[in-house]
Amino acid sequence: MNIVVKNADELSRLIAEEIIKVVKENKNPVLGLATGSSPLGIYANLIKAYENGEVSFKKVKTFNLDEYVKTYEEQTYRYFMNENLFNHVDIDKKNTNFPSLDNYSHYDEMIKDNGGIDIQLLGIGGNGHIAFNEPNTSFDSLTHVTDLTEKTRSDNARFFKDISEVPTQAITMGLKSIMNAKKVVLIATGKNKADAIKKLIEDEPNESLPCSILKKHPNCTIYVDEDAYSLVK
Ligand code: GLP
């Protein structure tokens, strides 16, 4: 696992460059995308590169990591992706995929049929979750329906009117689904991620810390700012 420590703007720029490289180098690029506040700077850089004519998303297929089970249209992760990336570039929305109650049992198969994910983007939860794989999710998990922990619901409540509106369930790629990606990049910024990043770097892989599975990935880089890195010895 490689570690890059830079300020948040620099991290977003570097990861956007990695994604653009994948899009340019592959005939049929497949991106694994993430939601949350962490990837917003990356998506802004991708939009800028598209507007400058540096990259086209016409041939790109995307698979998002996760989706809430029951929520208002404006709170769905599809809506988030449309607003923050897809509506601003030349991607064909038919090529953008999200796990759902209808497709989750064959979501991993769909990814495989499209050649597998070339680069998977990840954020991280304060409790070390990736996608919505909460602590003690099996390292062998594929895409599944999951209950959200109270920690995750309260972390994400800032996007809702109040915590009672935060869904209690989500559909998420599993940890094995994420490990199947050819390359993984994780971004973490801010003090509220410092504890998870310290454990990720210092502990052995164990199921109580979902992100720790990434230590077993042959091509994974974590991009952190000074705050997120601040507790590492
Ligand atoms: C949610 C998403 C995760 C994301 C996490 C962190 O729980 N399911 O994929 O990594 O939030 O979000 P943020 O980047 O806003 O801190």
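Anything mentioned here points back to the structure above.
Reading the values: rules and limits
- Residues numbered from 1 in each chain as written.
- Predicted model: local features only at pLDDT ≥ 70, side-chain atom pairs only at ≥ 80, totals over all residues.
- Heavy atoms only, no water.
- Axes fitted to C-alpha atoms, helices over the stretch in contact; angles between N-to-C directions.
- Helix = DSSP H or I, 4+ residues; strand = E, 2+ residues; numbered from the N terminus.
- Parallel < 35°, antiparallel > 145°, perpendicular 65-115°, else oblique.
- Left-handed = near helix turned anticlockwise from the far one by under 90°.
- Contact = heavy atoms within 4.5 Å.
- Nonpolar A, V, L, I, M, F, W, Y, C, P; charged D, E, K, R; others polar.
- Pairing = 2+ DSSP bridges.
- Near = heavy atom within 4 Å.
- Polar contact = N/O pair within 3.5 Å; in protein donor to acceptor, adjacent residues only side chain to side chain.
- Areas by Shrake-Rupley, 256 points an atom, 1.4 Å probe, with all protein chains shown as cover.
- Core = buried A, V, L, I, M, F, W, Y, C linked by side-chain atoms within 4.5 Å.
- Buried < 20%, exposed > 50% of the residue type's maximum accessible area, 1.4 Å probe, protein only.
- Phe/Tyr/Trp six-rings, centres within 6.5 Å; stacked < 30°, edge-to-face > 60°.
- Expected span 1.5 Å × (residues − 1).

### Describing the packing of helix H1 (residues 8-25) against helix H2 (residues 40-51)
Thinking step 1. For the pair H1 and H2, the least separation of the axes is 8 Å and the interaxial angle reads 55°. Between H1 and H2, the interaxial angle falls into the category oblique. Crossing hand, H1 versus H2: right-handed. Contacts between H1 and H2 involve Ser 12, Arg 13, Ile 15, Ala 16, Ile 19 and Ile 20 from the former and Gly 41, Ile 42, Asn 45, Leu 46 and Ala 49 from the latter.
Thinking step 2. Among the residues making up the contact of H1 with H2, the classes are represented as 7 nonpolar, 3 polar and 1 charged.

### As for the sheet that holds strand E7 (residues 144-147)
Thinking step 1. The sheet built from 3 strands is open, its strands ordered E4-E8-E7 with antiparallel pairing. Edge positions in the sheet fall to strand E4 (66-68) and E7, since each of these pairs with one other strand and no more. For this sheet the average axis-to-axis angle between neighbouring strands, irrespective of direction, equals 25°.
Thinking step 2. Bridge count between E7 and strand E8 (residues 169-172): 4 bridges; the pairing is antiparallel. Counted as the bridge partner of His 144 is Thr 172 from E8.

### Focus: the site of the ligand
Thinking step 1. Contacts to the ligand come from 13 residues, most closely from Ser 37, Ser 38, Asp 66, Arg 158 and Lys 193.
Thinking step 2. A distance of 2.7 Å is found between a nitrogen atom of the ligand and a side-chain nitrogen or oxygen belonging to Asp 66.
Thinking step 3. Within the backbone of Ala 131, one N or O atom sits 3.3 Å away from a nitrogen atom of the ligand.
Thinking step 4. In the complex, 96% of the free accessible area of the ligand, which totals 390 Å², lies under the protein chains.
Thinking step 5. When the residues that make up the shell around the ligand are grouped by side-chain class, the tally is 4 nonpolar, 6 polar and 3 charged.

### Remarks on the side chain of Asn 103
Thinking step 1. Tracing the backbone through its elements, the reader meets Asn 103 in the loop between strand E5 (96-97) and helix H4 (107-113).
Thinking step 2. In this structure the side chain of Asn 103 is engaged in a polar contact, spanning 2.9 Å, whose partner is the backbone oxygen of Phe 98.
Thinking step 3. Within the structure, the side chain of Asn 103 is placed 2.7 Å from the backbone nitrogen of Ser 100, a separation counted as a polar contact.
Thinking step 4. In this view, Asn 103 contacts Phe 98 and Met 110; residues no more than four positions away in its chain are not counted.

### Describing the nonpolar core
Thinking step 1. Counting 70 residues, the largest nonpolar core has Ile 19, Leu 85, Ile 130, Leu 186, Ile 197 and Leu 214 as the members making the most contacts within it.
Thinking step 2. Ranked by residue count, the leading element in this core is H1, at 7 residues.
Thinking step 3. Residues in contact with Ile 19, not counting those within four places in the same chain, are Leu 31, Ile 42, Leu 46, Ile 119 and Leu 121.

### Observations concerning the sheet that holds strand E6 (residues 119-122)
Strand pairing in a sheet relies on backbone hydrogen bonds. The paired strands run either parallel or antiparallel.
Thinking step 1. Strand order in the open sheet formed by 7 strands is E1-E10-E9-E6-E2-E3-E5, with parallel pairing between adjacent strands. One side of each edge strand has no neighbouring strand; the edge strands of this open sheet are strand E1 (2-5) and E5.
Thinking step 2. Where E6 lies against strand E9 (residues 184-188), 3 bridges are found, and the strand directions are parallel. When the bridges of E9 are listed, Leu 122 appears paired with Leu 186.
Thinking step 3. Here helix H7 (residues 194-202) sits on the sheet and contacts E1, E9 and strand E10 (220-224); the angle it forms with E10, its principal contact strand, is near 145°.

### Section: the packing of aromatic side chains
Thinking step 1. Applying the stated criterion across every chain, the model contains 5 aromatic pairs.
Thinking step 2. Each ring, one from Tyr 68 and one from Phe 160, has its centre 5.8 Å from the other, and the planes form 70°; the classification is edge-to-face. Linking Tyr 68 in strand E4 with Phe 160 in the loop between helix H5 (150-156) and E8, this pair joins segments that are 92 residues apart in sequence.
Thinking step 3. Members of the aromatic cluster, joined through ring pairs, are Tyr 68, Tyr 77, Phe 132 and Phe 160.

### Examining H1
Every α-helix carries 3.6 residues per turn, so stepping three or four residues along brings you back to the same face.
Thinking step 1. With 18 residues, H1 extends 26 Å from end C-alpha to end C-alpha; this agrees with the ideal 26 Å at 1.5 Å per step.
Thinking step 2. If you check which residues of H1 are buried, you get Leu 11, Ser 12, Ile 15, Ala 16, Glu 18, Ile 19, Ile 20, Val 22 and Val 23.
Thinking step 3. In this structure, the buried residues of H1 make contact with E1, strand E2 (30-33), H2, E6, E9 and E10.

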